[in-house]
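Fold and contact review
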Amino acid sequence: MPGNRAAPWRARVPAGWRLFVLLLVWAVMLRARDFGNPIIHVDEQYYLLVGDRMRHGAWPYLDLWDRKPVGLFLIFAAIRLLPGDAIWGYQLAATLFAAVTAWLIAHGSRRLGAGPASAAVAGLAYILWLSLLSGRGGQSPVFYNLFMGGAGVLTLRLPDLAARRAGGAIATNGIAACLLAGLAVQTKYTPAVEGAFFGLAHMWYAHRAGMRPVTLAAAALLWASLGLFPTALAALAYTLHGPAAFDAFWFANFTSVSMRRGYPAMKIAARLAGTGAQLLPFVVAAVAMWRRTPRPPAVNIAFGWLLAAGIAFAMIGAFFDHYAIPLMVPLAMIAGAALRGEIRWAAALLGYGLILFVARVLLVPTEASSARSVAQVMKAYDGSECPYVFAGDAVLYLLADACVPTAYAFPSTLAYDPERGATGVDEAAEVRRILARGPPVIVTMDEPMAPWNPQTQPLVAAVLAAKYQRVLTAPREDAHLLVYVRRDRLHQR
């Protein structure tokens, strides 16, 4: 009918979809500058490399070593099944994850009392702060925050369900929330703390709803089992692959992390100061929300969730800025509720973030050309042999379409002192083995990103001086990538 055709589009499109489109467009706008940039962060480069090699039969921990759960590598392997460029593929997937997570944050913020506008601000702020906390690409929290956001939003329903004495609905709610938390745990293990909190919250509200003790015990056992199920499935896969495979899985996932050396206290303090300064507006909003009385029960759940995320942030002790990304999910939800009706403060929050974004992202060169120029040299000289990236960027192997000479291909594993003695192998012996094969190209750095491993760096330096010639120096953050070609290979071209 003419009246229907004349109806404004806003009336025809549900508000939830309009908000999602807004958040997706915002995410694309903020992240588009880095689309195609292969060196946004060293971590995600390696996840992409492992995911790419898994398509050809590689097994994490056996063929390529790392500590992250296999679920994270499965995400990147699935992304590599998509057509098109590998770099663009994972970055577009991460952008979609970020937008959906932001939509969940807005939804959760509404449950805490935010209005439509302040809830939208919460979602917009989350996407903006991802870029400030080294999450503008495909860091692991960009992916697992989607699972934790979903589990958290479900947990915020508990007061209403308990008030209706809907024990069956709480049981079903717990099944979904704990399974989502389990998926997050198979992306990184620290969300186990938040998942445990969600489980305990479900137990408390099931009790409040009048669930019988025997039924509650059975439900709690089911919820815990579902939280552990994805990790148990991964362990089973490695068990079926063989005893040695399970041993490698167990060591990488659960033993080696306690063997890492600590970082200098000044470096830790600097990281905490930088992260604290960036999160300051959210901390202020959280304090303002805490001081409001009375607080709805859902708000108390959100603060409990924030405490659990804070424990997870602190438990590893390295305090890299991207470790704070999980804090942003409950923080942004709480901030959205605190900003209800406060248009000036909402504008100030986004303005603060945009100023930091310009200073820390837009005005900083991407250095993508450095990585591609190094990869071109690797590809030009490698022949049928494997080049070796001792220090630098793991994605260089992917860009150069090169084979990898070691299972310990994440450069810091063999090059930097915090990993010395924590990999399960003799790092110096592994470097000697690699160098004995005479890599046609070796990539290193003039200034390390962490203290050099004193047992391996001299080995590389000696071989470079004896048999290699530097052919390229490329800027990389505050240092340079150094590319060396074996002298006999130079003369063969």
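Let me sum up the structure you'll find in this document.

Reading guide: rules and limits
Residues numbered from 1 in each chain as written. Predicted model: local features only at pLDDT ≥ 70, side-chain atom pairs only at ≥ 80, totals over all residues. Heavy atoms only, no water. Helix = DSSP H or I, 4+ residues; strand = E, 2+ residues; numbered from the N terminus. Contact = heavy atoms within 4.5 Å. Buried < 20%, exposed > 50% of the residue type's maximum accessible area, 1.4 Å probe, protein only. Arc of directions from axis to C-beta. Core = buried A, V, L, I, M, F, W, Y, C linked by side-chain atoms within 4.5 Å. Phe/Tyr/Trp six-rings, centres within 6.5 Å; stacked < 30°, edge-to-face > 60°. Lys NZ or Arg CZ within 6 Å of the ring centre and 35° of its normal.

Mapped onto the fold, A114 is located in the loop between α6 (86–111) and α7 (116–132). Each C-alpha atom, one on A114 and one on R340, is 5.3 Å from the other, the two residues being 226 residues apart in sequence. Apart from residues no more than four positions distant in its own chain, A114 is found in contact with S109, A119, G336, A337 and R340.

So, about helix α13 (residues 243–255). Because each turn of an α-helix spans 3.6 residues, side chains separated by three or four positions end up pointing in the same direction. Of all the positions in α13, only A245, A248, F249, A252 and N253 are classed as buried. Looking straight down α13, one finds its buried side chains confined to an arc of 110 degrees; they lie on one side. Exposed side chains of α13 directed beyond 90 degrees from the buried face belong to P243, A244 and D247. Close packing links the buried residues of α13 with α12 (213–241).

The subject of this paragraph is the nonpolar core. Residues L112, Y126, W129, I170, F282, M378 and V443 are the most contacted members of the largest nonpolar core, which totals 165 residues. It is α7 that provides the largest number of residues to this core, a total of twelve residues.

What follows covers the packing of aromatic side chains. Tallied over the full model, the rule gives 30 aromatic pairs. Here Y47 and F73 contribute two aromatic rings whose centre-to-centre distance is 6.1 Å and whose plane-to-plane angle is 70 degrees, an arrangement assigned as edge-to-face. Separated by 26 residues along the polypeptide, Y47 in helix α4 (residues 42–54) and F73 in helix α5 (residues 70–80) bring together distant segments of the chain. Under the relative-accessibility criterion, F73 is labelled buried at 1%. When the ring of F249 is compared with that of F254, the centres are 6.1 Å apart and the planes differ by 80 degrees; the resulting orientation is edge-to-face. The class of F249 is buried, set by a relative accessible area of 1%. Geometry around Y263 places R271 over its ring, the cationic atom sitting 4.4 Å from the centre. Above the ring of W290, the side-chain terminus of R295 is found at 3.7 Å from the ring centroid.

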